[in-house]
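Notes for the structure review
The chain contents come next:
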Amino acid sequence: MKVAIGADPLGFELKEKVKAHLLAEGYEMLDLGTLAADEPVKYIEVSDRVAVSVQTKESEFGIVFCGTGMGVSIVANKHKGVYCALVESQWAARECRIVNNANMLAMGGRILGEDMANDIADTFLYTKFCENSPQERFDKLSGFLKQVYELEETQFK
């Protein structure tokens, strides 16, 4: 599975740790920057790069970092077909995949430690949409997603 990853300077250190962890787990990583702690790349630029990689299906998932994760998540969600969740717990990582079928994960380099960030990334990437859900819940959540897709079509004309 190919995962695009990126960070601004405030998320760089955590990005590097999560990237190393995911490489050790066997993921193919596409690092779209920041490539050095002192590289002046804005969160807007790096989140856009990762979101486009997910949007065009160059990568199956994206993970972005900034100081809080908020800025990169806002930018990513401006792309049609990209559903980025700002996550600070394993539970939220699991739920954003099961319920919302998120395809991008945002984390804060100033919020999370390495172990928690690695656990969140693992949970996000291992969890499937509607995992272990009964058919009734699958139908309900699929209907909600259909409404999101329809709303997206009206907004991205």
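Note: the structure precedes this text.
Some points on helix H5 (residues 114-126)
- With 13 residues, H5 should cover 18 Å at 1.5 Å per step; its first-to-last C-alpha distance of 18 Å lies within 8% of that length.
- Within the span of H5, buried status applies to Ala117, Asn118, Ile120, Ala121, Asp122, Thr123, Phe124 and Leu125.
- Among the structural elements, strand S1 (2-7), helix H1 (12-24), strand S3 (61-66), helix H4 (90-98) and strand S5 (104-108) are those in contact with the buried residues of H5.

Looking at the nonpolar core
- Among the nonpolar cores identified, the biggest contains 24 residues, and Val18, Ile63 and Met107 are the most heavily contacted of them.
- Ranked by residues supplied to this core, first place goes to H5 with 5 residues.
- With 14 residues, the next largest nonpolar core counts Ala4, Leu30, Val72 and Ala106 among its residues.

Observations regarding the sheet that holds S3
- Strands sit in the order S2-S1-S3-S5-S4 across an open sheet of 5 strands; the sheet is parallel. The sheet terminates laterally at strand S2 (28-31) and strand S4 (84-86), the two strands that pair on one side only. The sheet shows a mean angle of 25° between the axes of neighbouring strands, taken without regard to direction.
- Relative to S2, S1 runs parallel, the two sharing 4 bridges. Considered in S2, the bridge of Val3 is made with Met29.

As for the environment of Ile98
- Along the chain, Ile98 falls in helix H4.
- Note on Ile98: relative accessible area 2%, which makes it buried.
- The spatial distance from the C-alpha of Ile98 to the C-alpha of Val75 is 22 Å, given a sequence separation of 23 residues.
- If we ignore the near neighbours within four places in the chain, the residues touching Ile98 are Thr127, Lys128, Phe129, Cys130, Glu131, Ser133, Arg137 and Leu141.

Things to note about the packing of H1 against H5
- Where H1 contacts H5, the two axes come as close as 9 Å, and the packing angle between them is 50°. Relative to H5, the element H1 lies oblique. Handedness of the H1/H5 crossing: right-handed. Along the contact surface, H1 presents Leu14, Lys17, Val18, His21 and Leu22, while H5 presents Glu114, Ala117, Asn118, Ala121, Asp122 and Leu125.
- Here the residues of the contact of H1 with H5 sort into 6 nonpolar, 2 polar and 3 charged.

Considerations on the packing of H4 against H5
- Interhelical geometry of H4 versus H5 gives an angle of 20° and a closest axis separation of 8 Å. In terms of their interaxial angle, H4 and H5 are classed as roughly parallel. Crossing geometry of H4 relative to H5 is assigned as right-handed. Note on element contacts: H5 touches H4 through Asp119, Ile120, Thr123 and Phe124, opposite Gln90, Ala93, Arg94, Cys96 and Arg97.
- Of the residues in the contact of H4 with H5, the class split is 4 nonpolar, 2 polar and 3 charged.

Cut-offs applied
Residues numbered from 1 in each chain as written. Predicted model: local features only at pLDDT ≥ 70, side-chain atom pairs only at ≥ 80, totals over all residues. Heavy atoms only, no water. Helix = DSSP H or I, 4+ residues; strand = E, 2+ residues; numbered from the N terminus. Expected span 1.5 Å × (residues − 1). Buried < 20%, exposed > 50% of the residue type's maximum accessible area, 1.4 Å probe, protein only. Contact = heavy atoms within 4.5 Å. Core = buried A, V, L, I, M, F, W, Y, C linked by side-chain atoms within 4.5 Å. Pairing = 2+ DSSP bridges. Axes fitted to C-alpha atoms, helices over the stretch in contact; angles between N-to-C directions. Parallel < 35°, antiparallel > 145°, perpendicular 65-115°, else oblique. Left-handed = near helix turned anticlockwise from the far one by under 90°. Nonpolar A, V, L, I, M, F, W, Y, C, P; charged D, E, K, R; others polar.

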